[in-house]
Amino acid sequence: MPDSFADDDPFGCFGSDDEGLNSGDRVPSALTPASGATPLKPNVKPVRDDDCGVLSFHQGTEAALLAHVQNAVDGLSLPPVDSNDDVVAAEAWEGSPKDVASATVLTAVDAFCHSRHWMMHVGPEKGAEVSDTLRRTAEDAADQHLAQSESASGRTRRRPFVAVELGTYCGYASVLLGRSLFIAAANAAKRGGDAPDALDFHLYTVEVNPPFLAIAREIVKLARLDDKISFLQIPLNPSGTSAHGATANALSEIIGKDIEARQTLFLESHDAYDSSEEVAISHGLSDVPQIDFLFIDHDKDMYLPDLQSMEKKGLVRVGTTVVADNVIFARIDDYLAYVKKRAEQGVTTTETIAARIEYAHVQTNGQDDDDSDLFRDGIEVTRYLSTP
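Owing to the predicted nature of the structure, the values given are computational and were not obtained by experimental measurement.

*Asks:* Lay out unusual backbone geometry with the relevant residues and their values.
*Replies:* Residues other than glycine seldom take positive phi values, yet Leu-55 does so here, at roughly 70 degrees. Within the element layout of this structure, Leu-55 appears in the loop between strand 1 (47-48) and helix 1 (61-74). Residue Leu-55 is classed as partly exposed on the basis of its relative accessible area of 43%. Positive phi, normally seen in glycine, also occurs at Tyr-359, with a value near 60 degrees. Within the fold, Tyr-359 resides in the loop between strand 7 (348-356) and strand 8 (363-364).

This is the structure we're talking about:
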């Protein structure tokens, strides 16, 4: 997205205020969360002004979105944030403050982008595929850990499940991914007899634009998922892109330190453990942490260089799942060719899931944005069968 725009009235598309989704309003039924969120009144029509449609950009859109989300969350009746709110038992997820707040945030963003101003979030259609892929990946990892724990003598603790997002923007996908991980953890706990560490997870999200990062922090906080999401800003070089390898290096350092700190806290919280237990906890860890799930949705020219850097660094290896957005719409042919070549080599499996560009299923001044093949899009889901 450009850093600045020539629009003299950046809020022209938004009307006289930003009260499009207040506590008394309702979003269309198709956008209503499956659980948790307080029902809202159906008066938001999926029609945008002509200059707020697909690929329209205006200065101030991100700030207006934040105000819109704040209005939606302010309309909820939720208890204040508790110091133990980061722990959600299996039976307590549905209807919990985290469930309600995160569902409401996603619904509010979708309603804003459908009815007021298009934005470049992954959106609900592709987002559902991304979310399901992450949830299944995390639940499979939890099941493997539980199986290993049952067959092992003594307690074992799997290293944290690490999810990484490249391209935070306003935090929509961060909330989507964080919510999916909490649901996966709740499901894993149910199957594992409420084992508290069935799925220990953390999401790291990377952005180069400080104003976007500031907005994303607020939106993630409104969703009550900030305890499990860390933000990382990668500085730009003079060419306006992140330096080659900078993302991989920064992630390797911060994830490694976080995992070491979590292991220390785990051991210190268990007074009675012996040396064999400590070995079991540490077994299988590498000096370089592994990314279990990687979502790529940042500078389209950096998809392939950043993936290759992470491969070389050892962050992406056997067991990693990578999902890349906009691969069709943005014609990221070098990335697609690369992962398909890896598949031919037996290193990965890869699949393109067809979709439409985000928030194109809506009318703008009576015309369907969805009519043109220009809005064809898709995500690429790649799983590593061996270490490249």
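Having seen the model, we can carry on.
*Asks:* Now, about the sheet that holds strand 10 (residues 376-384): what can you tell me, with residues and values included?
*Replies:* One open sheet holds the 7 strands; their spatial order is 4-3-2-5-6-10-7, and the pairing between them is mixed. Each edge of the open sheet is held by one strand with a lone partner, namely strand 4 (229-233) and strand 7. Within this sheet the neighbouring strands show an average axis-to-axis angle of 15 degrees, counted without direction. The pairing of strand 3 (residues 201-207) with strand 4 spans 5 bridges and is classified as parallel. Across the sheet, Leu-203 pairs through a bridge with Ile-229, a residue of strand 4. Packing against the sheet, helix 8 (residues 303-313) makes contact with strand 2 (161-166), strand 5 (293-296), strand 6 (321-324) and strand 10, and its axis sits at approximately 160 degrees to strand 5. Contacting strand 5, strand 6, strand 7 and strand 10, helix 9 (residues 333-344) runs over the sheet at an angle of about 140 degrees to strand 7.

*Asks:* I'd like to hear about the packing of aromatic side chains, residue by residue, with values.
*Replies:* Per the counting criterion, the structure on display carries 5 aromatic pairs. With centroids separated by 5.7 Å and ring planes inclined at 5 degrees, the aromatic side chains of Trp-93 and Phe-182 adopt a geometry described as stacked. Of the two residues, Trp-93 is situated in the loop between helix 1 and helix 2 (97-115) and Phe-182 in helix 4 (residues 172-191); the sequence distance between them amounts to 89 residues. Assessed through its relative accessible area of 5%, Phe-182 is described here as buried. Between Phe-182 and Phe-201, the aromatic rings sit 5.0 Å apart at their centres with planes inclined by 85 degrees, giving edge-to-face as the arrangement. Here the residue Phe-182 occupies a position in helix 4, and Phe-201 occupies one in strand 3, the gap between them amounting to 19 residues. Phe-201 carries the same exposure label as Phe-182, and that label is buried. Over the ring of Phe-201 we find Lys-228; its NZ or CZ atom is 4.8 Å from the centre of that ring.

*Asks:* Which residues make up the pattern of salt bridges, and what are the values?
*Replies:* Within the structure shown, the criterion is met by 10 salt bridges. The shortest N-O distance in the salt bridge between Arg-342 and Glu-311 comes to 3.1 Å. Of this pair, Arg-342 sits in helix 9 while Glu-311 sits in helix 8, and the two are 31 residues apart along the sequence. Judged by its relative accessible area of 18%, Arg-342 falls in the buried class. Counted as one network, the salt bridges with shared partners bring together Lys-126, Asp-325, Glu-358 and Asp-377.

*Asks:* Could you give an account of the confidence of the model for the protein chain, with specific residues and numbers?
*Replies:* Summary statistics for the protein chain give a mean pLDDT of 79 and a share of 69% for residues scoring 70 or more. Considering only residues more than four positions removed or in separate chains, one finds that residues 14-45, a stretch of pLDDT under 50, has 67 contacts. Here residues 266-285 scores under 50 on pLDDT; set against residues more than four positions off or in separate chains, the count is 18 contacts.

*Asks:* Can you tell me about the pairing of strand 4, naming the residues and giving the values?
*Replies:* The buried fraction of strand 4 is high, at 4 of 5 residues. With helix 5 (residues 210-222) bridging strand 3 and its parallel neighbour strand 4, the resulting β-α-β unit is right-handed.

*Asks:* Which residues make up the packing of helix 8 against helix 9, and what values go with them?
*Replies:* Put simply, helix 8 and helix 9 touch, their axes get as near as 8 Å, and they point 35 degrees apart. Judged by residue contacts, Tyr-303, Leu-304, Leu-307, Gln-308 and Glu-311 of helix 8 engage Asp-334, Tyr-335, Tyr-338, Val-339 and Arg-342 from helix 9. Taken together, the residues of the contact of helix 8 with helix 9 break down into 6 nonpolar, 1 polar and 3 charged.

*Asks:* Could you give an account of the pairing of strand 10, with specific residues and numbers?
*Replies:* The buried fraction of strand 10 is high, at 7 of 9 residues. Pairing geometry for strand 6 and strand 10, over 4 bridges, is antiparallel. Opposite Val-323, over in strand 10, you have Val-381 as the bridge partner. Note: strand 7 against strand 10, 9 bridges, orientation antiparallel. The partner of Thr-352 across the bridge, within strand 10, is Glu-380.

Rules of the game
- Residues numbered from 1 in each chain as written.
- Predicted model: local features only at pLDDT ≥ 70, side-chain atom pairs only at ≥ 80, totals over all residues.
- Heavy atoms only, no water.
- Helix = DSSP H or I, 4+ residues; strand = E, 2+ residues; numbered from the N terminus.
- Buried < 20%, exposed > 50% of the residue type's maximum accessible area, 1.4 Å probe, protein only.
- Pairing = 2+ DSSP bridges.
- Axes fitted to C-alpha atoms, helices over the stretch in contact; angles between N-to-C directions.
- Contact = heavy atoms within 4.5 Å.
- Phe/Tyr/Trp six-rings, centres within 6.5 Å; stacked < 30°, edge-to-face > 60°.
- Lys NZ or Arg CZ within 6 Å of the ring centre and 35° of its normal.
- Salt bridge = Lys/Arg side-chain N within 4 Å of Asp/Glu carboxyl O.
- pLDDT = per-residue confidence, 0-100.
- Right-handed = clockwise from strand over helix to strand, strands pointing away.
- Nonpolar A, V, L, I, M, F, W, Y, C, P; charged D, E, K, R; others polar.

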